[in-house]
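Structural features, examined
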Amino acid sequence: MWTPTEEEKYGVVICSFRGSVPQGLVLEIGETVQILEKCEGWYRGVSTKKPNVKGIFPANYIHLKKAIVSNRGQYETVVPLEDSIVTEVTATLQEWASLWKQLYVKHKVDLFYKLRHVMNELIDLRRQLLSGHLTQDQVREVKRHITVRLDWGNEHLGLDLVPRKDFEVVDSDQISVSDLYKMHLSSRQSVQQSTSQVDTMRPRHGETCRMPVPHHFFLSLKSFTYNTIGEDTDVFFSLYDMREGKQISERFLVRLNKNGGPRNPEKIERMCALFTDLSSKDMKRDLYIVAHVIRIGRMLLNDSKKGPPHLHYRRPYGCAVLSILDVLQSLTEVKEEKDFVLKVYTCNNESEWSQIHENIIRKSSAKYSAPSASHGLIISLQLLRGDMEQIRRENPMIFNRGLAITRKLGFPDVIMPGDIRNDLYLTLEKGDFERGGKSVQKNIEVTMYVLYADGEILKDCISLGSGEPNRSSYHSFVLYHSNSPRWGEIIKLPIPIDRFRGSHLRFEFRHCSTKDKGEKKLFGFAFSPLMRDDGTTLSDDIHELYVYKCDENSTFNNHALYLGLPCCKEDYNGCPNIPSSLIFQRSTKESFFISTQLSSTKLTQNVDLLALLKWKAFPDRIMDVLGRLRHVSGEEIVKFLQDILDTLFVILDDNTEKYGLLVFQSLVFIINLLRDIKYFHFRPVMDTYIQKHFAGALAYKELIRCLKWYMDCSAELIRQDHIQEAMRALEYLFKFIVQSRILYSRATCGMEEEQFRSSIQELFQSIRFVLSLDSRNSETLLFTQAALLNSFPTIFDELLQMFTVQEVAEFVRGTLGSMPSTVHIGQSMDVVKLQSIARTVDSRLFSFSESRRILLPVVLHHIHLHLRQQKELLICSGILGSIFSIVKTSSLEADVMEEVEMMVESLLDVLLQTLLTIMSKSHAQEAVRGQRCPQCTAEITGEYVSCLLSLLRQMCDTHFQHLLDNFQSKDELKEFLLKIFCVFRNLMKMSVFPRDWMVMRLLTSNIIVTTVQYLSSALHKNFTETDFDFKVWNSYFSLAVLFINQPSLQLEIITSAKRKKILDKYGDMRVMMAYELFSMWQNLGEHKIHFIPGMIGPFLGVTLVPQPEVRNIMIPIFHDMMDWEQRKNGNFKQVEAELIDKLDSMVSEGKGDESYRELFSLLLLEKVEQETWRETGISFVTSVTRLMERLLDYRDCMKGEETENKKIGCTVNLMNFYKSEINKEEMYIRYIHKLCDMHLQAENYTEAAFTLLLYCELLQWEDRPLREFLHYPSQTEWQRKEGLCRKIIHYFNKGKSWEFGIPLCRELACQYESLYDYQSLSWIRKMEASYYDNIMEQQRLEPEFFRVGFYGRKFPFFLRNKEYVCRGHDYERLEAFQQRMLSEFPQAVAMQHPNHPDDAILQCDAQYLQIYAVTPIPDYVDVLQMDRVPDRVKSFYRVNNVRKFRYDRPFHKGPKDKENEFKSLWIERTTLTLTHSLPGISRWFEVERRELVEVSPLENAIQVVENKNQELRSLISQYQHKQVHGNINLLSMCLNGVIDAAVNGGIARYQEAFFDKDYINKHPGDAEKITQLKELMQEQVHVLGVGLAVHEKFVHPEMRPLHKKLIDQFQMMRASLYHEFPGLDKLSPACSGTNTPRGNVLASHSPMSPESIKMTHRHSPMNLMGTGRHSSSSLSSHASSEAGNMVMLGDGSMGDAPEDLYHHMQLAYPNPRYQGSVTNVSVLSSSQASPSSSSLSSTHSAPSQMITSAPSSARGSPSLPDKYRHAREMMLLLPTYRDRPSSAMYPAAILENGQPPNFQRALFQQVVGACKPCSDPNLSVAEKGHYSLHFDAFHHPLGDTPPALPARTLRKSPLHPIPASPTSPQSGLDGSNSTLSGSASSGVSSLSESNFGHSSEAPPRTDTMDSMPSQAWNADEDLEPPYLPVHYSLSESAVLDSIKAQPCRSHSAPGCVIPQDPMDPPALPPKPYHPRLPALEHDEGVLLREETERPRGLHRKAPLPPGSAKEEQARMAWEHGRGEQ
């Protein structure tokens, strides 16, 4: 049974639970749960993550934790009973976890690893806290570390700053806003410190001065490497100040054995010292670590004779130094030990040993030398900071190593009261001794003892250095042969204080002999007592001691014998009568010098101090001694502080009258001494003394008297130093006074109470008197007042011991009130006064409400005065902050209401005024730097904002009521409301608080919304009806709008946990303000009209906030606005215009979303439905909704990583909407420029020009002035239009669209001409002329066009379910375009069929792209039909200004005939019409209309045959009129293709399909068409006959077999058609063909007239202009195929024929052997897949070219431009479909070893050998149309002409060569010819396109006949550069080599050269014949690609198809013939 839990309330999941049982709660490890019930090992409860979901979970999965339960029962809340910082760490780590992973994703790897480290540290620190094993200090330290890390992480992750107090997060409800602000500031500082890792101590709040931080050096000797000493050594380390030239620390001694290890084995790894108490000043000194090495052994190191081995002397060896300044930087950076090597140098001259370290530092290298590189001390150093306790705590390991504390000589900067020390430092300076009759100087050793008064030698009172035990005697080191030794060795004498008096030092001097005995002979001594007779210690100075003679026999047992002697000169003067008969005689020529320094807290060297302490011995000297006290050093005074104070008060009691003032002065001196930072720590000693030891019960009377006397004198005295000192000592004087009175009262049971009170009141009167004096003219008085004011607040606590709170408060109020007001005193005094008030407010006195009632008015009065004058704002804000802090903490008390009321009256208005002034200053800060730095301004602003917010937060209903009632007039109220609204607005606009101060920002918002709720009623009540005030209302609305839009309130963008916390605490404040705003709007009534249209934008901004409730509240206001404007004006044009304007800018800023659009439409339509003006309303709402759709699309495109295409499309869509639907011209123009900029960025210059043209067209050629707009200056309309025209012309030029620029040039020229601006006119005319030149001379690429369908709801609105035609980029083919579109829409799927998609696809939530190529149908038909128009011109009109495009798709209708599929193969022709012509303002436009036409199989056949006939006629006529000289190959191939195809089936397939009786019966309506087809077939036979006749005349003898074969096959063809055409047998190859209706075109003896050609053309079933660029399609789509244009401009009437007569036609025939395979063979063409070949590829193939011979010098390089090779390759990669017929892209070519037969290649080479294109070599034939070739130079008469076609004269026409394109690749395979692939292979023969590129780097040809000079062209060409020679690619090298070997005889000679045998054209080799090849589908493309694309290396042998042996033989024979030539 489930029972409620009592104890088990809260737990942590320690193992994830999957909730696998009914009602199971899914839990993840680490989650926390609240437990409600339990039952047999299970708990029931909720996870704190999802508190609404209850469930059960196993009890053993939960670790229970203690918790506090409040409100037990159903709605109980549980808070874990753990340290709040632990809870914070847990929550923070969970928040960081997800952000941490994101860092890795965003490649912020550095921060990722840092954060991981910090998180691990936090987990570890949390574990330590939870362990519960830490001391309080350790807990505090761990918490400090935790908070530093938490704040660091939050800062770096951009999270909120957490305000803390003592490491705990503060609750903003518990403290005042001012305090919260300060906590934010301090948290920010600590974060910055932790970030910069600067460990500086910050002063705590209220700390008056900062303690200096002592520094310490930790030094450890690692090793001493030496190999030559071989003796024990002592190494002395000390700190040396080079600038002062003295040692500043004790010495640290390390004793080493001869192996270099420590002499004491226990010292291993423990040779370390701590040099303590270095001040910051010391760290700046030129300090060195100096190491002196003393060896202990023989006298001379290398001389074993000098001295016996058993005697050891201390002898100097070497010295090493290290500059601390050099290593300080590295020590500061590293927090651990760092090693250094010190090189040891030896002294060159022992007499200079005492200065060796200075010489090394100065680098006086002559005085020292380095014995060996291996000599060195290795030490490690570490810099530590803090007091010794802190060092011990933080570095326990150091102290565990037997650390030697090495102190500073003298006292540290700060003397601690408990620091007891009694050290005398003695330095052996030097000695001067006699030689004593010896020839060499002595080796002197000094021995020193410390002896007590009784002659006993004191034990262990001599220390050579720290680190070694003390000893009883000292032996100096010995300097070899020196009678004037200089030692400079410091010894510490730690003598016990009780043994100090009476002790003396004895120095014995011995000569150390180096002879065998090695004796040490005593020859003298000196001594010195430690204390003088007057009780003072030996002074810190150099002392010269007398040397007394003695010898080894002398005895020192009776020390009294020598103690009576003078020890030094001063002593001698004191005792002149010394008997001369004593044992010891002084050696007058010898002297000995020592210096001493005392560091003692117990002994004094000061006579005056001693005299004061012993004043009773000399009572008559008291006045003098007291006077001299101020000259005693501070160290001496603090050492004897208690004794001195006792003495002073005893003297005072002894004779008050006589000594009172002097004792007072001495007391003041001592009190002020303790204010020095060095002795600051002795204040507690003073406090302890006053509390426990002070006994002067009567002292208070004299102290008050003296103090009052000082005050009263201040008005008269000029020098007031002593008065100022007394003022500074006020605090302790009052302590003495009060304690003295307490002692007196205690002793006398409270006697003289009244006198005491009255004396204090009199004293305060004197204080007021001093403060009231006018100090403006007296600087000394000013300082006195300042000193008094500074000390004044410190006496309150003392007074409270004697007086009540009210009494003290009255004293203080009187004193503060006595100060003159701000106006009368100087600025410095202002500061002091305010500081005094600040300290008063901070004092304990002010915390009592009784005192506050008295003091607050006077404090507020002073602050009010300062704020009014804007003076000392920072101090005032501090005072206010303290007041609010106190008021907040005591806000439960009843008196607080009254205090707040007081503050509201005094401060609120002036606070607002101050804030407005500060804010306006900080605004102007940028323009003119004010007196304060920006940081100060920000700080002041923050301070005052927090003060204002504190005050507003303390105010309740009654305060607001009183405030509003107290205004005398409405003007005052209005002014107040305007001020407070303005301040609130500025608060939100200026973002006073940083972004991460979330707590502060939310609290501010909460206070503002609460205040506004109070004030809005006053606004409504006072300013609505008759007193309506627009300004106040406008201010109110602006504030509300700004409030709702605040970034800190946008809860949608923050984490859910944080959102929940905010909502729980404050709710959604935006909703609160929105309700307030709406209700106020409703209260306006008829005054609403004043805010239309002004408030539309702001309100729109509010509705765009992504909060549904706010939107629901605010959107209806727009209806209200429309309604009011409708009432007033009869329309709502203003609302409409403003709404549209603002909507545009706001949505582009990122506001609004799809749901807003729907809600906007829904709410407004609902409201508008009920109005009388509903139609216009609905129209408007719909229009705005549609605008929003487009704006949202536009924004999504712009902000995303979208491609240019998408952005441009989106912009065009939006721009058109502004123009067409809502007619907003300004917005329209803005978007024109945005679109133009996008085009320029994408380098779409033509489109950019068209875009800018839209704006240009809006302007007129008028002088109307235009305002400044966008980047245009203010100018006239004419000027702007001119500038635009020029820019547009420039863009058209860059886009190579000169034809579009020319009309603008003319328009500008017209304007310039009308203004007689001839300079500009000349310029524009030249520009126009250059454009004509460019058109004729510059190369331009023709683009491809692609149709794209965007299907699915996932596409942006402007694309959704629409189809577009896009103009491709240069060189871009279908595959590349498709890839580009898929990369632009990565989510899209490419549809693999061209069929229109169904509804399922249109409505699905996905993206489908359908892409295929389309053919443009040009509009400029006239230009294209015109004769003599250069191809470069036509080329432009074929692909520009195009609005219609076509696409063909083959399909089967009805059952498919397996025997002959052409019976059912139809063509579906789609014509697309666009909304605008291309090119235009975009690279793509939407399809406006599509038309579908189906072409029947019969019509298709008619078109195919018609096309082929025209092609043949054209070719034959050229040969008849000798336009093609000599080389008959092209005609051979063409005839072979048609006739051969016929033998293999050919048109017989059409016969089967359409002349069948069944077909004729089933399709009676087709009779006419069948007749037409028959006529065409008859015509073809006639044309072939004429062709064969021409062929026979010109055929080369070697090619006769081919001609014979053609004749035979032609007979067979005629025979096969005999049944259909009975009259056909009468025809012969030479037949005139006049019988047939179409025969006359070719057979008539008159030349072909242009009319007849045009007529033929019109009779064609194709609309020629519609086929300008169609695919080279299969037979199935031959209605769309084009015949090649083979017209050559020659002489006679032929030249007058329209060029397009045979334009774009290709003929193809069906092959019966390939069922379903219909292929237009185009092996080497640049054609591309047609719709019949791929559903996604409908590009167009080019028309074929007529090719003729020409000299090589005039020949174009047969290289295929890369553009088309790439495109073809793309086409070949496209997917194929099994159910479609094979396409033109995959011809069934007869290939040999993967390439065409050599015969074909050679033939091809001959055919393409000489051609001269006059168009861009980079352009495909399809893009250029036909080439016009000029052959004047080659014309010569031929004797015999074929009977059918008469000869003609050639008309001259100039033709200029076109230079090669630098981009053309050098390929030998340039044009293509279908014949090369063999017509037999497909049953279709067609002359496909040839394309000629020009290589720019060709080597010259040297063939005899081929190498013709460029002069072979007509005279016009002399001006042009000759063609560059041809360079062939590797792939054709084999063929070319064979050709180069023998010049081709078939080439005709130039005009001046007569060929040897003009009557006998060369024979053509037989055409290889292949009866059949298997149907190729996909493989064809592969073969093709290999053939045309890659250079040929070694080829595999491909098996020949059956029946190909003949062809192989023919090829071999032909090659053999070539070789013989």
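If you're wondering where the values come from, they're calculated on a predicted model, not measured in any experiment.

**Describing the packing of helix 34 (residues 1030-1044) against helix 37 (residues 1096-1103)**
Their axes nearest at 9 Å, the elements helix 34 and helix 37 cross at an angle of 25°. Judged by the angle between their axes, helix 34 and helix 37 are roughly parallel. Crossing hand, helix 34 versus helix 37: left-handed. Here helix 34 contributes F1037, V1041 and I1044 to the contact with helix 37, which in turn contributes P1098, F1099 and V1102. Across the contact of helix 34 with helix 37, the residue classes break down as 6 nonpolar, no polar and no charged.

**Here we look at the pattern of salt bridges**
Between side chains of opposite charge, a pair can form when the charged atoms approach closely. Enumeration according to the criterion identifies 84 salt bridges in this entry. For the salt bridge of E1052 with R1070, the shortest nitrogen-to-oxygen distance reads 2.8 Å. Pair noted here: E1052 is in the loop between helix 34 and helix 35 (1056-1066) and R1070 is in helix 36 (residues 1069-1084), with a separation of 18 residues, a long-range link. Judged by relative accessible area, R1070 falls into the buried class, the value being 0%. Overlapping salt bridges bring together D171, D173, R953 and K1065 as one network.

**Quick notes on helix 39 (residues 1116-1129)**
The terminal C-alpha atoms of helix 39, which comprises 14 residues, lie 20 Å apart, in line with the 20 Å expected from a rise of 1.5 Å per residue. Burial runs high along helix 39: 11 of the 14 residues are buried. Those residues of helix 39 not exposed but buried are P1116, I1117, F1118, H1119, D1120, M1121, M1122, D1123, W1124, E1125 and Q1126. In this fold, the buried residues of helix 39 make contact with helix 36, helix 37, helix 38 (1108-1114), helix 40 (1133-1148), helix 41 (1154-1168) and helix 42 (1174-1199).

**A word on the confidence of the model for the protein chain**
Looking at the protein chain as a whole, its pLDDT mean stands at 75, while 75% of the residues score no less than 70. Scored below 50 in pLDDT, residues 197-209 shows 11 contacts in the model against residues more than four places distant or in partner chains.

**Observations regarding the packing of aromatic side chains**
A full pass over the atoms with the stated rule returns 70 aromatic pairs. Seen in terms of ring centroids, F1250 and F1292 are 5.1 Å apart; in terms of plane orientation they differ by 80°. Their pairing is edge-to-face. Here F1292 lies in helix 46 (residues 1277-1294) and F1250 lies in helix 45 (residues 1245-1258), a separation of 42 residues in the sequence. Residue class for F1292 comes out buried when judged on its relative accessible area of 1%. Both rings, one in F1436 and one in Y1437, keep their centres 5.2 Å apart while their planes meet at 90°; by these two values the pair is edge-to-face. You can call Y1437 buried: its relative accessible area is 18%. By way of ring pairs, the aromatic residues F981, F1028, F1030, W1033, Y1036, F1037, W1081, F1091 and F1099 are connected into one cluster. In this structure, R586 is placed above the aromatic ring of Y546, and the distance from its NZ or CZ to the ring centre is 3.7 Å. Sitting over the ring of W1124, R1127 keeps its end group 4.3 Å from the ring centre.

Thresholds applied
Residues numbered from 1 in each chain as written. Predicted model: local features only at pLDDT ≥ 70, side-chain atom pairs only at ≥ 80, totals over all residues. Heavy atoms only, no water. Axes fitted to C-alpha atoms, helices over the stretch in contact; angles between N-to-C directions. Helix = DSSP H or I, 4+ residues; strand = E, 2+ residues; numbered from the N terminus. Parallel < 35°, antiparallel > 145°, perpendicular 65-115°, else oblique. Left-handed = near helix turned anticlockwise from the far one by under 90°. Contact = heavy atoms within 4.5 Å. Nonpolar A, V, L, I, M, F, W, Y, C, P; charged D, E, K, R; others polar. Salt bridge = Lys/Arg side-chain N within 4 Å of Asp/Glu carboxyl O. Buried < 20%, exposed > 50% of the residue type's maximum accessible area, 1.4 Å probe, protein only. Expected span 1.5 Å × (residues − 1). pLDDT = per-residue confidence, 0-100. Phe/Tyr/Trp six-rings, centres within 6.5 Å; stacked < 30°, edge-to-face > 60°. Lys NZ or Arg CZ within 6 Å of the ring centre and 35° of its normal.

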